[in-house]
Amino acid sequence: EAQVTQNPRYLITVTGKKLTVTCSQNMNHEYMSWYRQDPGLGLRQIYYSMNVEVTDKGDVPEGYKVSRKEKRNFPLILESPSPNQTSLYFCASSPPGGFYETQYFGPGTRLLVL
Amino acid sequence: GNSVTQMEGPVTLSEEAFLTINCTYTATGYPSLFWYVQYPGEGLQLLLKATKADDKGSNKGFEATYRKETTSFHLEKGSVQVSDSAVYFCALINTGFQKLVFGTGTRLLVSP
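Every value quoted in this text rests on a predicted model; they were computed, and no experiment measured them. (Residues numbered from 1 in each chain as written. Chains lettered and ligands numbered in written order. Predicted model: local features only at pLDDT ≥ 70, side-chain atom pairs only at ≥ 80, totals over all residues. Heavy atoms only, no water.)

**Considering the sheet that holds strand 9 (residues 75–77) of chain B**
Residue and element names in this part refer to chain B. Reading across from one edge, 3-9-8-7 is the order of the four strands in this open sheet, with antiparallel pairing throughout. In this open sheet, the two strands that pair with only one neighbour each are strand 3 (19–21) and strand 7 (56–59). Taking each pair of neighbouring strands and ignoring which way they run, the sheet shows an average axis angle of 15°. Summarising the sheet, strand 7 and strand 8 (residues 62–65) pair through four bridges and their orientation is antiparallel. Bridge assignment links Asn59 to a residue of strand 8, and that residue is Phe62. (Pairing = 2+ DSSP bridges. Helix = DSSP H or I, 4+ residues; strand = E, 2+ residues; numbered from the N terminus. Axes fitted to C-alpha atoms, helices over the stretch in contact; angles between N-to-C directions.)

Listed below in structure tokens is the structure:
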């Protein structure tokens, strides 16, 4: 089954404790992206990647890092989480044609930073 | 810049009622327009899209027409069902940009 998976689905952590949210897709997509969803703000792009070892900032990259060492994986790293990073996070991937094509979203990771 | 404005929710309807969710956009050039749907506890799924002016996207009884003259992409359905209860996001992507720009989402609640 074609899908985007994220782990963990739910996470409670404390300020400053490094964490990684994993994202994996099995569709051989080149384009991948991370979004955060906040009430009243919709979804905002954090980082995106157009291929292996090619990443770039989105609209709200502060406090986040990403890497793309393999085509299928695109982890999101919070080196020192803060309470303002409490949010719902989505990973997405797109087939050739990039983000103009349909984006396939993962189920989301709900993060609470205390 | 590029932006999307959606009507505030929640929209509350009875089953079989007619649905309209308004969406307008600001963008230079010729963006592609999308409606995504988010069911409770799930990620977003593409509902429909339109890539040029006067195109009509349709899926599962939902429709939206790309109106360049009014910069709008309103979502409509003739008869909603309880299973249509979800959050609906209007979005655009513009040439040269590597991201979807989303509206804030509109929650639809359909009661039996």
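Now that the structure has been shown, the text picks up again.
**Some thoughts on the pattern of salt bridges**
Inspection of every chain in the model, using the stated rule, returns seven salt bridges over all chains. A salt bridge links Lys65 of chain A to Glu79 of chain A, with the nearest nitrogen and oxygen atoms 2.9 Å apart. Of this pair, Lys65 of chain A sits in strand 7 (residues 65–66) while Glu79 of chain A sits in the loop between strand 8 (76–78) and strand 9 (87–94), and the two are 14 residues apart along the sequence. Overall, the relative accessible area of 41% leaves Lys65 of chain A in the partly exposed class. Judged by its relative accessible area of 36%, Glu79 of chain A is partly exposed. Between Lys52 of chain B and Asp55 of chain B there is a salt bridge whose closest N-O contact spans 3.3 Å. Because the salt bridges share partners, they merge into one network encompassing Arg36, Asp38 and Arg44 of chain A. (Salt bridge = Lys/Arg side-chain N within 4 Å of Asp/Glu carboxyl O. Buried < 20%, exposed > 50% of the residue type's maximum accessible area, 1.4 Å probe, protein only.)

**A short note on the layout of surface pockets**
Roughly 600 Å³ of internal volume is contained in the largest pocket. The wall of the largest pocket is formed by 29 residues, among which Gln37 of chain A together with Gln38, Val87, Phe89 and Arg107 of chain B lie closest to the centre. Counting only elements with at least two residues in the lining of the largest pocket, the list comes to strand 4 (31–38) and strand 9 of chain A together with strand 10 (86–93) and strand 12 (106–111) of chain B. When residues in the lining of the largest pocket are grouped by element, the largest group, three residues, is from strand 10 of chain B. Empty space within the second largest pocket amounts to approximately 310 Å³. For the second largest pocket, the lining is made up of 17 residues, of which Ala2, Gln3, Val4 and Phe105 of chain A together with Leu44 of chain B are closest to its centre. Counting only elements with at least two residues in the lining of the second largest pocket, the list comes to strand 1 (4–7) and strand 10 (104–105) of chain A together with strand 6 (44–50) of chain B. No other element matches strand 6 of chain B, which puts three residues into the lining of the second largest pocket. (1 Å grid on protein atoms, 1.4 Å probe; cavity = no way out; pocket = protein on both sides within 12 Å on 5 of 7 lines; lining within 4 Å. Points joined across faces, edges and corners; volume = space filled by probe spheres on them.)

**Overview of unusual backbone geometry**
The amide bond that connects Asn7 of chain A to the next residue, Pro8 of chain A, takes the cis arrangement and shows omega of -5°. Structurally, Pro8 of chain A can be placed in the loop between strand 1 and strand 2 (10–13). Between Gly9 of chain B and the following residue, Pro10 of chain B, the backbone shows a cis peptide bond with an omega angle of 0°. With respect to the secondary-structure elements, Pro10 of chain B resides in the loop between strand 1 (3–6) and strand 2 (11–14).

**Overview of a nonpolar patch on the surface**
All names here are of chain A. Side chains of Ile12, Val14, Leu112 and Leu114 sit close together on the surface and give an oily, nonpolar patch of about 380 Å² of accessible area. Summarising the element assignment, Leu112 is placed in strand 11 (residues 109–113). With a relative accessible area of 34%, Leu112 lands in the partly exposed category. (Patch = residues over 30% accessible without salt bridge, like charges linked within 9 Å, V, L, I, M, F, W, Y side chains within 5 Å. Areas by Shrake-Rupley, 256 points an atom, 1.4 Å probe, with all protein chains shown as cover.)

**Concerning the sheet that holds strand 1 of chain A**
Strand pairing in a sheet takes place through backbone hydrogen bonds and is either antiparallel or parallel in direction. Residue and element names in this part refer to chain A. The sheet built from four strands is open, its strands ordered 1-3-8-7 with antiparallel pairing. At either margin of the open sheet sits one strand with a lone partner, and together these are strand 1 and strand 7. Bridge count for strand 3 (residues 19–25) against strand 8 is three bridges, and the pairing is antiparallel. Each bridged residue has a counterpart across the sheet, and for Val21 the counterpart in strand 8 is Leu76.

**Focus: the nonpolar core**
If you look at the biggest cluster of nonpolar residues, it comprises 27 residues, and the most contacted ones within it are Leu19, Trp35, Leu47, Leu48, Phe73, Leu75 and Tyr88 of chain B. Here this core takes four residues from strand 10 of chain B, the largest share from any one element. Not counting the four nearest positions on each side in its chain, Tyr88 of chain B is found in contact with Gln6, Ile21, Trp35, Tyr36, Val37, Leu47, Phe62, Leu75, Gly105, Thr106 and Leu108 of chain B. If you look at the next biggest cluster of nonpolar residues, it comprises 19 residues, including Met27, Val66, Leu76 and Val113 of chain A. (Core = buried A, V, L, I, M, F, W, Y, C linked by side-chain atoms within 4.5 Å. Contact = heavy atoms within 4.5 Å.)

Everything listed here is a matter of coordinates, which is why it stays silent on function.
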